[in-house]
Amino acid sequence: MLLYIAKRTALGVIIVLLAVALLFCMIHLIPGDPARILLGPRATPELIAAMSARLGLDLPFPVQIMRFFANLLRGDLGMDVITNRPVVEIVVGQLPYTLWLIFLAILFAGLIGIPLGCYSALHRNTLFDRISGFVSVSFITTPSFVVALYALLIFAVALKWFPAVGAGDRGDFLDQAVHLVLPVFSIGLAWIGYLARLVRASMLEVMEESHIRTARAFGLAERRIIYHYALKLAILPTVSVIGVGMGFLLSSALLTEIVFARPGIGKLIYDSVITRNYPVVMGSVLVSTVLFVVSTTVSDLINAWLDPRTRATL
Amino acid sequence: MIAVLRLVIKEPTGLFGLVLVTFIVCSALFAAVLAPYDPVALNITDRLQSPSLSHLLGTDQLGRDLFSRVLYGGQVALGVALTAIGIALVCGIVLGMLAGFGPKWLDKAILLFFDTIRSFPTVMFALATVALVGPSLQTVIAVIIVTTIPTYGRVVRTQTLSIKSNEFIKAEQVMGAKTARILIMHILPNIFGPLMILASMDIPTVIALEAGLSFLGMGVKPPTPSWGSILNDGFSLIRVTPWPIIAGSIPLILITLGFTYLGESLRDFVDPKLRKNF
Amino acid sequence: MTEPLLAIRDLSVDYRIERGRLQALRHVNIDVPKGSIVGVVGESGCGKSTLISSIIRLLPHNASISNGQINFEGANLLDLSENEMRSIRGRRISVVYQDPMTSLNPVLSIEQQMRHIQYRDTTRRSAKLEKSLAMLESVGIADSRKRITQFPHEYSGGMLQRVSIAMALQAKPSLLIADEPTTALDATLEVQIIHLLKDIQAQFGCTILFISHHLGVIAELCDYVVVMYAGEVVEKGTVRDVFHRPAHPYTTKLLQCDPAGIQIKTRILPVIPGEIPDLVNLSGGCIFRSRCHLAESACETEIPPRREVAPGHAANCHRLPI
């Protein structure tokens, strides 16, 4: 078990390091001077040179990358060129908004999608199953920002049931919750479809396995067989899918945050791209990449632990 | 090919997908014939109109006909999707075969590279790239290529490995056939089917990605119409008129739905076990 | 003769499949006397599994029982409600399935699974645990207190089959159905399981319906044998009668093909040429005729009736003297 955790974590760390290095190389190998981009087309050469020096871009490449990693180890992601605040501080300030959004979206999707998939599997090929299958595919294929636009259009602009923009007053829990409804719905909708289809498929598979027949032959109640014997197995794949889907979730969170003008890491990246504030862009892309790698690693570990077959061999 | 089509349309969902895809592809292809107006022509007197017989989907804030813009937007969406997936396929095949057929260290290195690429959340990676090189359709295509290579590469690698262990390949190797020959003669035809299915199932994802990036203003430059930029116009006009959002989203939803159903029926027909991992 | 514990009368089972109606079992009659071990033998596809599923009424959805009775302890199982049937499963009749590795739930410990099947008892959790431990000991699992907390994949195949047997016997059923319980095991384990079943039968006094395609095992373990072919019973009798004086050509051929019974050293194992006939489009006549070297004109048109060749030994073949 310990060996597996160590190996899996090591792989995660290696991937993060490579991803950071790749991102760093991209900055420096792609033609175009970050300082020039930052300052815009009308900048004078002196200004550009000054900015380059400030960002350390005038140093030789190997020195730059060493410095970058050294700073990273100290938790230093550089300085915001506009407000002159540390990037780490800004990113950490925005992160909770995005994390809550993603967590609640998955919770919402799981609470609806898993029972839906389970019910469809047990009533396979009925009208309900067909309708739920079609609805699931439609949910999956509709991009989250389109859902967000419609949610905004219908529930905020036309019906005025929910607020359109922002995250609500800090400290006012109810206000924040009300502001979360539409964004959570927009991100979660596709996941209802994913989870329903996934659980349906794995439930159908599990119900065909011969240990289910054994359980029936012992006269166990059908309810117990479904919830205790089958669903427990059928739900295992969802953990890894949510882990792998974290990248997807972060991407849809970004678009949704922009549609609802919500603070969060996505909005931060977007705003910094617009203002060409590239240390903030890099810092927040880096943090979200780390988040993604951590979540796939953790979900792999959870998955291995949940299944006694792998738990023992770890 | 005809046989495949026949099997696809036997399933109601496959037929549904095929009809949707054909419908949208044709309307994009023949946009020049079908579009009643120039998609970029301004007509300030007719701006922000609701749908009518002269403007089927209404007009935007500059009086441009939304129906014509949607038709031309289809060209952008399909063009980006096909170009990006085509190039990504080629790169994926090459890298996947190298990993599958090459020495073990190369295999590990390529796999690690794939894992690294996959560790970036796509839209954020795209924004980072745009921050460096500026927004353009080429940037979008490049980002899509880079982020989809691992999907194909992994499939090609797995298939190559399994075919490599086949007896007939081993026999050829013993007989001294060149590796390149084996790859092209035996492995390529074997992995072609599964790859095409994967690619067709990726088209909706890629189209949605392009729309998302154009929505953020990171893709096509105005005034070129794209479904994403139409949606962006709609977003800024959301308190004024719902029509640009409706106009931009309908083709987007229909085509992703169509390609998904088409891809799934193809997949079920070729290999029920090949599941797309996203 | 006293009333048998299980009496299957004229049982016919069909499956609805795309091509039509697959007649998996046709007019099957089997008696299982109380306290005996009855073996059912036949090639794969002869309807053995359908037979078991019919007895415990867990047939797939596309199957239907078109005819017959299954009388067990004075009641026709086919007349019982689903709830009544459920109270028989695992308590009066239990089943040990073929592959222990797949027939137990992989994510529940043995302890949990053994406790769940005692759900009808109102005893406390600790009492149930003690009972489970005692059962495991009785099937020869040492260190049961530690092993009971383990999961199926931590057991070897033979040990796990012992667990399955312990689970099946936990409620002291009057009928134990063993569905090829040794097929997934290697030969030495097979012998151990056979001995275990024999001991259990002596110890608990239960009746066993033993399904196998392996004649040697049947000869070793059973009192009576039923030979099935393509959904029909073709011969039945005591093990001694059937093995020494087979009356049906199919039984004769089966005995010739059994590696354990082959006396002369040969490089090629004999097989019965031909395949099981299509059970969807059945024409009249003897079901075995296409593979029978003795087939004559009557076999083409008339279904052979059952004929007694000795008291308690019967076979369905035209060539037998009336």
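Below is a short write-up of the structure. These numbers were taken from a predicted model, which means no experiment stands behind them.

How each quantity is defined
Along each chain, residues carry numbers from 1 onward, in the same order as the chain's sequence is written. Chains and ligands are labelled sequentially in the order written, the chains with letters from A and the ligands with numbers from 1. At least 70 in pLDDT is required for a residue's local features to be given in this predicted model, at least 80 for side-chain atom pairs to be given and counted, and no such filter applies to totals for whole chains, interfaces and linings, which use all residues. The secondary structure listing takes helices from DSSP runs of H or I that are at least 4 residues long and strands from runs of E that are at least 2 residues long, numbered from the N terminus. To sort residues by exposure, count the other C-beta atoms lying within 10 Å of each residue's C-beta; 20 or more gives buried, 12 or fewer gives exposed, and values between give partly exposed, all with C-beta atoms placed from the backbone. The contact criterion used here is simple: two residues whose C-beta atoms, placed from the backbone, lie within 7 Å are in contact. Each radius of gyration reported is based on C-alpha atoms, and the globular scaling rule is 2.2 Å times the count of residues to the power 0.38. Here a strand pair is declared whenever DSSP counts at least two bridges between the two strands. By the criterion used throughout, a crossover qualifies as right-handed when its path from the first strand across the helix to the second strand runs clockwise, the strands pointing away from the viewer. Inter-axis angles, ranging from 0 to 180 degrees, are taken between N-to-C directions of lines fitted to C-alpha atoms, where helices are fitted over the stretch in contact. When an angle is under 35 degrees it counts as roughly parallel; over 145 it counts as roughly antiparallel; between 65 and 115 it counts as roughly perpendicular; any other value is oblique. Gly counts as polar in this scheme, as do all residues outside two lists: the nonpolar Ala, Val, Leu, Ile, Met, Phe, Trp, Tyr, Cys and Pro, and the charged Asp, Glu, Lys and Arg. For our purposes the nonpolar core covers buried Ala, Val, Leu, Ile, Met, Phe, Trp, Tyr and Cys residues that link as a set through C-beta atoms within 7 Å. To estimate the expected span of a helix, count its residues, drop one, and scale the result by 1.5 Å. Across the chain, bend at a residue is computed as the angle between axes fitted to the seven residues ending at that point and the seven starting from it. Crossings are sorted by hand: turned counterclockwise from the far helix by less than a right angle, the near helix makes the crossing left-handed, and turned clockwise it makes it right-handed.

When helices and strands are tallied, chain A shows 15 helices and 0 strands. Taking the principal axes of its C-alpha atoms as reference, chain A extends roughly 85 × 55 × 35 Å. A total of 314 residues make up chain A; the buried ones form 44% of that total. In chain A, of all internal contacts separated by at least 6 residues, the share reaching a separation of at least 24 is 71%.

Here we come to the overall build of chain C. Across its full length, chain C carries 12 helices and 12 strands. Computed over its C-alpha atoms, the radius of gyration of chain C comes to 21 Å, within 12% of the 20 Å expected for a compact globule of 322 residues. C-alpha extents for chain C along the principal axes are approximately 65 × 50 × 45 Å. Relative to its 322 residues, chain C shows a buried fraction of 42%. The contacts in chain C between residues at least 6 apart in sequence include a share of 63% that link residues at least 24 apart.

Attention now moves to the pairing of strand β8 (residues 207-212) of chain C. Residues and elements named next belong to chain C. Counting buried positions along β8 gives 6 out of 6 residues, so the element sits mostly inside the fold. Across 5 bridges, strand β3 (residues 37-41) lies against β8 in parallel orientation. Across the sheet, the residue bridging to Gly39 is Phe210, located in β8. Pairing between strand β7 (residues 175-179) and β8: 5 bridges, direction parallel. Opposite Leu176, over in β8, you have Ile208 as the bridge partner. Handedness of the crossover joining β7 and β8 through helix α8 (residues 187-204) is recorded here as right-handed.

Bringing the packing of helix α1 (residues 2-10) of chain B against helix α2 (residues 12-29) of chain B into the picture now. All names here are of chain B. In contact at an axis separation of 5 Å, α1 and α2 are set at 110° when each is read in the N-to-C sense. The orientation of α1 with respect to α2, classified from their angle, is roughly perpendicular. For the pair α1 and α2, contact is made by Val8, Ile9 and Lys10 and by Gly14, Leu15 and Leu18, respectively. Split by residue class, the contact of α1 with α2 holds 4 nonpolar, 1 polar and 1 charged.

If you rank the 2 pairs of chains in contact by how many contacts each has, first place goes to chains A and B. Taking C-alpha atoms only, the smallest gap left between chain B and chain C, which are not in contact, amounts to 16 Å.

We now examine the nonpolar core. In terms of nonpolar packing, the biggest core is built from 251 residues, with Ile269(A), Val281(A), Met124(B), Leu127(B), Ala128(B), Leu209(C) and Phe210(C) touching the most fellow members. Among residues more than four places away in sequence, those in contact with Phe210(C) are Ile37(C), Val38(C), Gly39(C), Ala178(C), Ile218(C), Leu221(C) and Cys222(C).

Look at helix α8 (residues 173-207) of chain A: only 43 Å from first C-alpha to last across 35 residues, short of the 51 Å you get at 1.5 Å a residue. Where α8(A) bends most, at Gly188(A), the angle is about 35°.

Moving on to the interface of chain B and chain A. Of the residues lining the interface, 36 residues belong to chain B; the matching set on chain A comes to 43 residues. When residues of the side of chain B that touches chain A are traced back to their parent elements, those giving at least two are α5 (104-118), α6 (122-133), α9 (179-215), α10 (227-236) and α11 (243-270) of chain B. If you tally residues by element for the side of chain B that touches chain A, the top one is α6(B), at 10 residues. Considered class by class, the residues forming the side of chain B that touches chain A number 26 nonpolar, 8 polar and 2 charged.

Take α10(B) next. Counting buried positions over the 10 residues of α10(B) gives 8, a clear majority of the element. For α10(B), every residue scored as buried is listed here: Trp227(B), Gly228(B), Ser229(B), Ile230(B), Leu231(B), Asn232(B), Asp233(B) and Gly234(B).

Bringing the packing of helix α14 (residues 278-306) of chain A against α6(B) into the picture now. Interhelical geometry of α14(A) versus α6(B) gives an angle of 160° and a closest axis separation of 10 Å. Classed by the angle they form, the pair α14(A) and α6(B) counts as roughly antiparallel. The chirality of how α14(A) crosses α6(B) is left-handed. In this structure, α14(A) uses Tyr278(A), Val281(A), Met282(A), Val285(A) and Ser288(A) to contact α6(B), whose residues at the interface are Met124(B), Phe125(B), Leu127(B), Ala128(B) and Ala131(B). Classifying every residue of the contact of α14(A) with α6(B) gives 9 nonpolar, 1 polar and no charged.

Residues and elements named next belong to chain C. Overall, antiparallel pairing links the 4 strands, which are arranged β2-β1-β4-β5 in an open sheet. Across the chains shown, the open sheet's two edge strands, defined by having one partner strand only, are β2 (20-32) and β5 (75-76). When strand β4 (residues 63-72) meets β5, the two strands line up antiparallel, connected through 2 bridges. Following the sheet pairing, Asn71 is matched in β5 by Asn76.

This next bit is on the sheet that holds strand β9 (residues 224-229) of chain C. All names here are of chain C. Taken in spatial order, the 8 strands make up an open sheet running β6-β7-β8-β3-β9-β10-β12-β11, and their pairing is mixed. Edge positions in the sheet fall to β6 (93-96) and β11 (306-310), since each of these pairs with one other strand and no more. Adjacent strand axes in the sheet meet at a mean angle of 20°, parallel and antiparallel pairs treated alike. The pairing of β9 with strand β10 (residues 232-238) spans 6 bridges and is antiparallel. When the sheet's bridge partners are listed, Val226 is paired in β10 with Lys236.

This paragraph deals with unusual backbone geometry. Among all residues save glycine, negative phi is the norm, and among peptide bonds the norm is trans. Positioned with a positive phi, Lys160(A) is a non-glycine residue whose angle comes to about 60°. Tracing the backbone shows Lys160(A) in the loop between α7 (144-158) and α8. Since 9 C-beta atoms lie within 10 Å of it, Lys160(A) is described here as exposed. Even without being glycine, Ala230(C) reaches a positive phi, approximately 50°. Mapping Ala230(C) onto the fold places it in the loop between β9 and β10. Given 25 C-beta atoms within a 10 Å radius, Ala230(C) is considered buried.

A few words now on the pairing of β6(C). Residue and element names in this part refer to chain C. Judged by which residues are buried, β6 turns out to be covered on both faces: Ile93 and Val95 on one side and Ser94 and Val96 on the other are all buried. Bridge analysis of β6 against β7 gives 4 bridges, and the strand direction is parallel. Note that in β7 the partner of Val95 across the bridge is Ile177.

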